[in-house]
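These are the residues of each chain, in order.
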Amino acid sequence: MLAPGAPMSDEQIMNCHEFTFAGAALKALGSGALWWPDAALLCVSDLHLGKSERVARRAGQSLPPYETRDTLARLAADLAHTQARTVICLGDSFDDLTAAAAVPEDERLWITQLQAGRRWIWIEGNHDPGPLEFGGEHLQDIEVEPLVFRHIASDQAEGEVSGHYHPKAAVRTRGRQISRPAFLFDSKRLVLPAYGTYTGGLRSHSAVLRKLMGPKALAILTGPVPTCVPMPR
Amino acid sequence: MRIGARHRTGLAPGRRSAILPGMTTLPQIFHDWFAAKGWSIHPHQQQMLDRAAAPALLLIAPTGGGKTLAGFLPTLVDLAAGSHDGLHTLYISPLKALASDIKRNLTTPVSEMGLPIRIEDRTGDTPASRKKRQRADPPHILLTTPESLALLTSYEDAPRMFRGLKRVVVDEIHALAESKRGDQLMLALGRLQRLCPDLKRVGLSATVEDPAAIAQQLARHPDPCEILLADPGPAPDISMLTTDEAPPWSGGGAAYAIPAVLDQIRQHKTTLIFHNTRAQAEIFFHNLWLANEDSLPVGIHHGSLDRQQRERVEGAMVRGELRAIVCTGSLDLGIDWGDVDLVIQIGAPKNVKRLVQRIGRANHRYNAPSKALLVPANRFEVVECVAALEAVREGALDGDPRGRGPRDVLCQHILITAAAGPFDADALYAEVTTVGAYAALTRAEFDACLDFCATGGYALRAYDQWQRLLQRADGQWQLRDPRAGQQIRMNIGTIQDTDTLKVRLKRNRGGKPLGEVEEGFAASLTPGDTFLIGGQIVRYEGLREMTVEVSRNAAKKPKVATFLGTKFATSTQLSARVIEMFQQESWPELPAHTADWLQLQREVSRLPEPGRLLIESFPHDGREQTVIYGFAGRNGQQTLGLLLTKRMEEMGLNPMGFVATDYATLIWGLTPVLNPAPLFELDALQDGLETWLAGNAVMKRTFRASATIAGLIQRNTPAARKTGRQATFSSDILYDTLQKYDPGHLHLDITREEALRGLVDFGRIEEMAQRVGNRIDHITLSRVTPLAAPLFLEMGRVPVKGAAEEKLLAEEAARLMQTSGLANITPQPASTPRWRVGY
């Protein structure tokens, strides 16, 4: 655990892509989290915790029940590296409300530990639209000038940070196609990739994302070294 | 289908056999029928009748040798009296088309003799209403496939349906015996035998190298299985096609041979032209059509084509309307080959056994030799073909021993059992161990599979409330939710055709279906790209609801679509022969163009020698290539590929991927290999090997296949059926999660066991390294060598994810940003953030 205020190591600095959006100086972390140093704010989207429970309950399929702890482990690492004081979970944090209620005791405790000493904001998503039995604030959206955070991108966007679409971007090079979850952003809106372990994705060249993002949109691929490319269409 | 001189029912004129004491006499009506046709019974048909009381019989007979009737005579005789009610005989074949074909063949003698026997077939194509009726009121003889049988055993009314079952006939058992379909079938037979303890089993097989192994699989363990050998018929007539033009250095297309092939088509009635992959079949058909000035009717047939198209081609073939069919293994088995009098094999046969079985199909006149021509696609294949011909002449068939029954299929079997009703674990274990391939299964292994099926088998017990199976107070196991039975039935089968998308012509309301392509290929398409399918060039228009929409477009040069297809078994014997040939001073037995090509290889580089290791390095296609000519057989070369890429990654040489054949491993990467010796340091090779193997693409692919069969990943769900969407979970994510949090999980164990079948153990590599010692010949060149050229078009490339990928990504990203002009947008950051919250 880093001491508060300790600088990031070279490796950790490498593992993010700096960019400016709507006047804010932001960092896209390789894990898929958004880090805003000036606000000491970390934002993650679409955790979909409890997916394995929901799938077992609804589809009778038993997936390995480790996605919650895996997602929390990565979140804990990001919190340790950044020393964030505020955390925004940008919606669909739980796969559904029943799954939220069914989170086992030890993982529940872990979330509480991560919340300690921080301001924790749960934004409502379409999968988890309602009150959750977890500490922190439960909001539909929140403005932190110059940005506004909500789950799904709206029509009138200015400095909007949202999730929901689980965007991915693919780059071809020398006969290999590299496809990763990716941040998408243009002058008006920024869409975060899905952070949760058991989440799929939608390619940026799909109709819905092409329509959503402006012609000069960029994509930041997650991974060991986050990389920025023009959004593949 | 005409009888008479055609011998599809196997009623070929044989020797007149006298009835000897101890032989079973045919009932009069059968005698009269044979006599009316002027036929007599074959010796092996008589034997099958005599031995019908044996618990298991395996008949090895060539095609056209009356195999089918040999299998059915005891049934027909038994049923002739008309005293049996309900199901009597089950016939299983690997192909749906074969089942319908046999039904046709059997119906003729039955109706001509006026026997009171009901014969029906049942496959995925049978209409639902008929399927329902068959369960309620089964025919005397049911012809079906392994998957349909598994499905039938999953219903609660299975005991009633199979009540009077007396015999099971498994046709083309040699084909089933080498795949998981065979394992699933044998498990189902184990179930049937529990319901009908006196069940008799019969297997019909083509020539194989180890009949005893198949016999052991067929019989209920530990019953004996008699093997009957029919007259093998005359030796096959195989030779190489002589062409005016020389084959190229590399390539799989054999386009150079098309004029010679057309010539052969003109000289014969019906020719089958086999390819090793579906993509090659498409390209060849396309080029053949372009050169077909006489407009000879030629069809194309492979597994990725739409069913109706395939049926059209099959029908035309039977009616003798086609002069040639370009095909893949989809035509390999049993379906009526009509007047086929020539088989052409394009590209080296990847194993000799399959070649011999294939050509056994041509020219059904039982006493005339079957005729085949080999057409190598490139010069190396010329050498392989010559080696294969020698092997055929010596009668040296090859094959790898199968190993024990795979546990993923066992898991599916447990689920199928549960779908049919509550079961006792002890009884199920006893039943499973009567299956030859599972005879050595331990109780602990069985329990682990049962635990997986019930709870997922995770170290973390998370699913008590939602488990799939629960144990009742009386000890029996049952489905927790009876509706789960439907889902189990929807996912029965061991054939992997995941990751394919349907291709249709674009129309407002669902255009004509053309076939399927791999998802990876579809993902690489942009609108405007063209590719070949069903012999025509189509233009990619877009993806709609998981269907690839295309329009007809003959203009542009097509991309090569990739199709899934059967992976061929490997042959270590062939590669041993080939390296022997290389030691010759000259090659009078090879065509001049190939001898020259080998000579050229000697000049620019070297020819591989036993006892030494030849390694070539050169740049090609923007990457640094390294070829290791180990001649260790495909499994050995594949293992070598995994090991060497590990070393290269550790040494910072940025490997990107590799591909292995029987004789060489090709590795490509970003950095040239200047000195290969350190790559072979044994300690370094072994260190961290487990981790490397665990993270490799080979393991992940194996995991995906096996997790799908065992039910961890479900391809078909009721929801998907309605919307037509696949909701497949990424198997890579599941694999990584298990590796991290549950490394002892059953599936990882199953995956390792599966993957190792395609690899050799480290000991073999150690041996090889020790044998070679420091006799490594490393040749650095500036371009591709003759011997390396064919490797570049090999299928089955294994990607390596490592530092190379990040480097490439960074390069490409920089380039894209530069060309797009977006790299220079750097707006200035504003002031510090201010919170505005509506509390």
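Along each chain, the written sequence defines residue order, and numbers are assigned to residues from 1. Just so you know, chain letters begin at A and ligand numbers begin at 1, following the order they were written in. Confidence filtering applies because this is a predicted model: local features only for residues at pLDDT of at least 70, side-chain atom pairs given and counted only at 80 or more, and all residues used for totals across whole chains, interfaces and linings. Water and hydrogen atoms were dropped before computing side-chain values, which therefore reflect all heavy atoms in the structure.

Quick look at the overall build of chain B now. We count a stretch as a helix when DSSP gives it H or I for four or more residues in a row; a strand needs E for two or more, and each element gets its number in order from the N terminus. Within chain B, the regular secondary structure consists of 31 helices and 27 strands. Here's how the labels work: a residue is buried when its accessible area is under 20% of the maximum for its type, exposed when over 50%, partly exposed in between, all with a 1.4 Å probe on protein chains only. Looking at chain B as a whole, 56% of its 839 residues qualify as buried. All accessibility values rest on the Shrake-Rupley procedure with a 1.4 Å probe; residue burial counts only the protein chains present in the view. On chain B, roughly 34800 Å² of surface is accessible, and the fraction owed to carbon and sulfur atoms is 51%.

A few words now on the overall build of chain A. Across its full length, chain A carries six helices and 16 strands. In this treatment the radius of gyration is a C-alpha quantity, and the globule benchmark scales as 2.2 Å times the residue count to the 0.38 power. Relative to its length of 233 residues, chain A is compact, with a C-alpha radius of gyration of 17 Å against a globular reference of 17 Å. By its C-alpha atoms, chain A is 45 × 45 × 40 Å across when sized along the principal axes. In chain A, buried positions account for 61% of the 233 residues. Note on definitions: a residue-residue contact is assigned when non-hydrogen atoms from the two residues lie within 4.5 Å. Taking contacts inside chain A between residues at least 6 apart in sequence as the whole, the part at least 24 apart equals 66%. Within chain A, one finds 24 positive and 26 negative side-chain charges whose respective centroids are separated by 10 Å. Counting rule applied: Lys, Arg positive; Asp, Glu negative; His and chain ends not counted. For the purpose of locating charges, the reference atoms are NZ of Lys, CZ of Arg, CG of Asp and CD of Glu.

Quick look at the confidence of the model for chain A now. pLDDT: the predictor's confidence for each residue, scored from 0 to 100. Scored by pLDDT, chain A comes out at a mean of 90, with 94% of its residues at no less than 70. In this model residues 1-8 of chain A is a low-confidence stretch, pLDDT under 50, and it forms 12 contacts with partners more than four residues away in sequence or in other chains.

Moving on, we come to the sheet that holds strand 5 (residues 86-89) of chain A. Residue and element names in this part refer to chain A. In spatial order, the strands read 1-2-3-4-5-6-7; together these seven strands make up an open sheet with mixed pairing. The sheet is open, and its two edges are formed by strand 1 (16-21) and strand 7 (137-139), each paired on a single side. Neighbour-to-neighbour, the strand axes of this sheet turn through a mean angle of 25 degrees, independent of strand direction. Inspection of the sheet shows strand 6 (residues 119-123) paired to strand 7 by three bridges, in the parallel sense. At least two bridges found by DSSP between two strands is the condition for calling them paired. In this analysis an axis means a line fitted to C-alpha atoms, helices contributing only their contacting stretch, and an angle means the value between N-to-C directions, from 0 to 180 degrees.

Take the packing of helix 26 (residues 697-710) of chain B against helix 28 (residues 731-741) of chain B next. Geometry of a packed helix pair, given as the angle between the helix axes and the separation of the axes. All names here are of chain B. One way to put it is that helix 26 packs onto helix 28 with a least axis distance of 9 Å and a crossing angle of 105 degrees. The angle between helix 26 and helix 28 falls in the class roughly perpendicular. Contacts between helix 26 and helix 28 involve M699, K700, F703 and R704 on the former and, on the latter, S731, D732, L734, Y735, D736 and L738. To sort the angles, those under 35 degrees are grouped as roughly parallel, those over 145 as roughly antiparallel, those from 65 to 115 as roughly perpendicular, and the leftovers as oblique.

Moving on to the interface of chain B and chain A. Each partner contributes to the interface: chain B provides 52 residues, whereas chain A provides 53 residues. Buried area counts how much accessible surface, traced with a 1.4 Å probe, disappears from two parts once they are put together, with both parts' losses summed. Carbon and sulfur atoms supply 60% of the area buried between chain B and chain A, which totals about 4800 Å² over both sides. The working definition used for a salt bridge is a side-chain nitrogen of Lys or Arg within 4 Å of a carboxyl oxygen of Asp or Glu. Between chain B and chain A we count three salt bridges in total. A:D70 serves as the salt-bridge partner of B:K740, at 2.6 Å between the closest nitrogen and oxygen. Polar contacts, as counted here, are pairs of nitrogen or oxygen atoms within 3.5 Å of one another; within protein the pair requires one atom able to donate a hydrogen and one able to accept it, and residues that are adjacent in sequence qualify only if both atoms are side-chain atoms. Between chain B and chain A we count 11 residue pairs in polar contact (both at pLDDT 80 or more) in total. Mapped by element, the contributors of at least two residues to the side of chain B that touches chain A are strand 23 (655-660), helix 28, helix 31 (803-820) and strand 27 (834-836) of chain B. For the side of chain B that touches chain A, the leading source of residues is helix 31 of chain B, giving 11 residues.

Residue and element names in this part refer to chain A. With omega at 5 degrees, the peptide bond leading from E145 into P146 counts as cis. Looking at the element boundaries, P146 is found in the loop between strand 8 (141-145) and strand 9 (147-150). The phi dihedral of A22 is positive, around 50 degrees, even though this residue is not glycine. Note that A22 resides in the loop between strand 1 and strand 2 (24-29).

All names here are of chain B. Put simply, buried Ala, Val, Leu, Ile, Met, Phe, Trp, Tyr and Cys residues joined by side-chain atoms within 4.5 Å make one nonpolar core. By size, the foremost hydrophobic cluster in this structure holds 85 residues, and its most contacted members are L90, L149, F162, L165, I414 and L469. Looking at which element gives the most residues to this core, the answer is helix 16 (residues 407-420), with eight residues. Counting 39 residues, the second-largest nonpolar core is a separate cluster that includes L241, A254, F285 and I300.

Right, let's talk about helix 13 (residues 307-318) of chain B for a bit. Residue and element names in this part refer to chain B. Between its first and last C-alpha atoms helix 13 spans 16 Å; for 12 residues at 1.5 Å apiece the expected length is 16 Å, and the two agree. Of all the positions in helix 13, only Q309, V313, E314, A316 and M317 are classed as buried. Taken down its axis, helix 13 places every buried residue within 165 degrees of arc, on the same side. Phi turns positive one or two residues past the end of helix 13, at G320, with a value near 75 degrees. By definition here, a helix of n residues has an expected span of 1.5 Å times n minus one. When we speak of the arc, we mean the arc of directions from the helix axis to the C-beta atoms.

Turning our attention to the packing of aromatic side chains. Residues and elements named next belong to chain B. Aromatic rings from Phe, Tyr and Trp, taking only the six-membered ring of Trp, are treated as a pair when their centres fall within 6.5 Å; an angle between ring planes under 30 degrees marks them as stacked, one over 60 as edge-to-face, and anything in between as tilted. Throughout the structure, instances matching the rule amount to 19 aromatic pairs over all chains. Ring centres of F582 and F631 lie 6.0 Å apart, and the angle between their planes is 85 degrees; on these two criteria the pair is classed as edge-to-face. Taken together, the residues span a long stretch of sequence, with F582 in helix 21 (residues 572-582) and F631 in the loop between strand 22 (623-629) and helix 23 (633-650) at a distance of 49 residues. An identical accessibility class is assigned to F582 and F631; each is buried. Aromatic pair Y629 and Y663: ring centres 6.5 Å apart, planes at 20 degrees, arrangement stacked. Highlighted residues: Y629 in strand 22 and Y663 in the loop between strand 23 and strand 24 (665-669), separated in sequence by 34 residues. Each member of the pair, Y629 together with Y663, is buried. Among the aromatic residues, those joined into a cluster by ring pairs are F380, F582, Y629, F631 and Y663. Geometrically, a charge over a ring is one whose NZ (Lys) or CZ (Arg) sits within 6 Å of the ring centre while staying within 35 degrees of the ring normal. Directly above the aromatic system of Y155 lies the positively charged group of R135, at a separation of 3.4 Å from the ring centroid.

On to a positive patch on the surface. A cluster of like positive charges, contributed by B:R312, B:R507, B:K512 and B:R552, occupies part of the molecular surface. Residue placement: B:R552 occurs in strand 20 (residues 547-552). Patch building starts from residues that exceed 30% relative accessible area and form no salt bridge, then joins like charges within 9 Å and nonpolar side chains (Val, Leu, Ile, Met, Phe, Trp, Tyr) within 5 Å.

This brings us to the packing of helix 15 (residues 379-393) of chain B against helix 22 (residues 592-604) of chain B. Residue and element names in this part refer to chain B. Two numbers describe how helix 15 lies on helix 22: the axes approach to 9 Å, and their chain directions differ by 110 degrees. One finds that helix 15 runs roughly perpendicular with respect to helix 22. Crossing of helix 15 against helix 22: the hand is left-handed. Between helix 15 and helix 22, the residues in contact are R379, F380, V382 and V383 and H593, T594, W597 and L598, respectively. Each crossing gets its hand from how the near helix is turned against the far one by less than a right angle, where anticlockwise is left-handed and clockwise is right-handed.

All names here are of chain B. The predicted model of chain B averages 82 in pLDDT, with 85% of residues at 70 or higher. Ranking the helices and strands of chain B by mean pLDDT puts helix 17 (residues 425-432) first, with 97, and strand 27 last, with 52. Taken together, the stretch residues 1-19 has pLDDT below 50 and engages in 38 contacts with residues farther than four places along the chain or on a different chain. Across residues 564-570, confidence stays below pLDDT 50; counting only partners more than four residues off in sequence or on other chains, it has 18 contacts.

Once that is clear, we can look at the sheet that holds strand 9 (residues 270-274) of chain B. All names here are of chain B. On the basis of which strands lie adjacent, the open sheet formed by six strands has the order 8-13-12-9-11-10 and parallel pairing. Looking at the sheet topology across the chains shown, the edges are occupied by strand 8 (237-240) and strand 10 (298-301). The mean angle between the axes of side-by-side strands here comes to 20 degrees, regardless of whether they run parallel or antiparallel. Bridging between strand 9 and strand 12 (residues 340-346) involves five bridges; their strand directions are parallel. Bridging across to strand 12, L272 finds its partner in V343. Along the sheet face, helix 13 touches strand 9, strand 10 and strand 11 (324-327) and points at about 135 degrees away from the line of strand 10. The sheet strands contacting helix 15 are strand 8 and strand 13 (371-375), and the helix crosses strand 8 at an angle near 160 degrees.

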